[in-house]
Amino acid sequence: KELDVALLMVNQPKLLLVKDLEVKPPDSSKSPKNLYQLISKVFKSVVVDEIKSVDGKVMYKRVKGPKSTTISVNNFTILLDEVLVDSLSDVDTTRFFYAKNIRVQVDNYSYSTPNGRYDLKIGQFNLSTKDSSILLQNVAMVPRYGKLEFARKVGEQIDRFNIKTDSVMIKGVHLKTLLFDERII
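These figures come from a predicted structure and were not determined experimentally. (Residues numbered from 1 in each chain as written. Predicted model: local features only at pLDDT ≥ 70, side-chain atom pairs only at ≥ 80, totals over all residues. Heavy atoms only, no water.)

Remarks on the environment of Gly-56
- Inspection of the secondary structure puts Gly-56 in strand β3 (residues 45–64).
- Look past the residues within four positions of Gly-56 in its chain and what remains in contact with it is Pro-13, Val-73, Asn-74, Asn-75 and Phe-76. (Helix = DSSP H or I, 4+ residues; strand = E, 2+ residues; numbered from the N terminus. Contact = heavy atoms within 4.5 Å.)

Remarks on the pairing of strand β4 (residues 67–85)
- As paired elements, β3 and β4 share 15 bridges and run antiparallel to each other. Bridge assignment links Lys-52 to a residue of β4, and that residue is Leu-79.
- Counted between consecutive antiparallel strands, the loop separating β3 from β4 contains two residues, among which Gly-65 sits at a positive phi close to 65°.
- In terms of strand pairing, β4 meets strand β5 (residues 101–112) through six bridges, oriented antiparallel. Bridging across to β5, Thr-77 finds its partner in Gln-105. (Pairing = 2+ DSSP bridges.)

Comments concerning the nonpolar core
- Ranked by size, the top nonpolar core spans 25 residues in total, and within it Val-73, Leu-80, Val-83, Val-85, Ile-102 and Val-106 carry the most contacts.
- Those elements that provide at least two residues to this core are α1 (35–39), β3, β4, β5, β6 (118–128) and β7 (133–143).
- Element by element, the count of residues in this core is highest for β4, at five residues.
- The residues contacting Leu-80, other than those within four sequence positions of it, are Asp-49, Glu-50, Ile-51, Phe-97, Ala-99, Asn-101 and Ile-102. (Core = buried A, V, L, I, M, F, W, Y, C linked by side-chain atoms within 4.5 Å. Buried < 20%, exposed > 50% of the residue type's maximum accessible area, 1.4 Å probe, protein only.)

Remarks on a nonpolar patch on the surface
- A cluster of nonpolar side chains, contributed by Leu-16, Val-18 and Met-59, occupies part of the molecular surface with about 280 Å² of accessible area.
- Its place among the elements puts Met-59 in strand β3.
- Exposure remark for Met-59: the relative accessible area of 36% places this residue in the partly exposed category. (Patch = residues over 30% accessible without salt bridge, like charges linked within 9 Å, V, L, I, M, F, W, Y side chains within 5 Å. Areas by Shrake-Rupley, 256 points an atom, 1.4 Å probe, with all protein chains shown as cover. Salt bridge = Lys/Arg side-chain N within 4 Å of Asp/Glu carboxyl O.)

Purely geometric stuff here, so don't read any function into it on its own.
Structure representation (structure tokens):
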């Protein structure tokens, strides 16, 4: 049997991703089954032209011992193009998570820096696995305090930045490296 779907739509998903740095990797002598191996008794292949997830929320929690860091993202859209699950798609180097292209868009993202001095604001974040790129639009890193209060909070006079730009393009981004190694390039 073959399954062929034009569009799979998911509205308002809520995801929780946890990366626990203390968890030991699984036994490497026993390789886990890939997606095709899990479905092969039912389907010879699965083709989905487009998977669309809109207006989602995701919480990413990074845990190391008793300490944890959490990042929340609202208003995200994920589009997966030309998804194929068959006996060869797992080793197809032109695909990532079985898709020819994964596009992620986040609107109106803001983040306070860990030192509490700045807010990072991004009007729109766009990632494409096909182009290996990230495009940030309407980016600003603004101080959370005025000049005098900023120096008081730090305890000494230091440089204070107020940075704004229309766009930032980052090329050569590999999503697998970003997700698993927490590096952009």
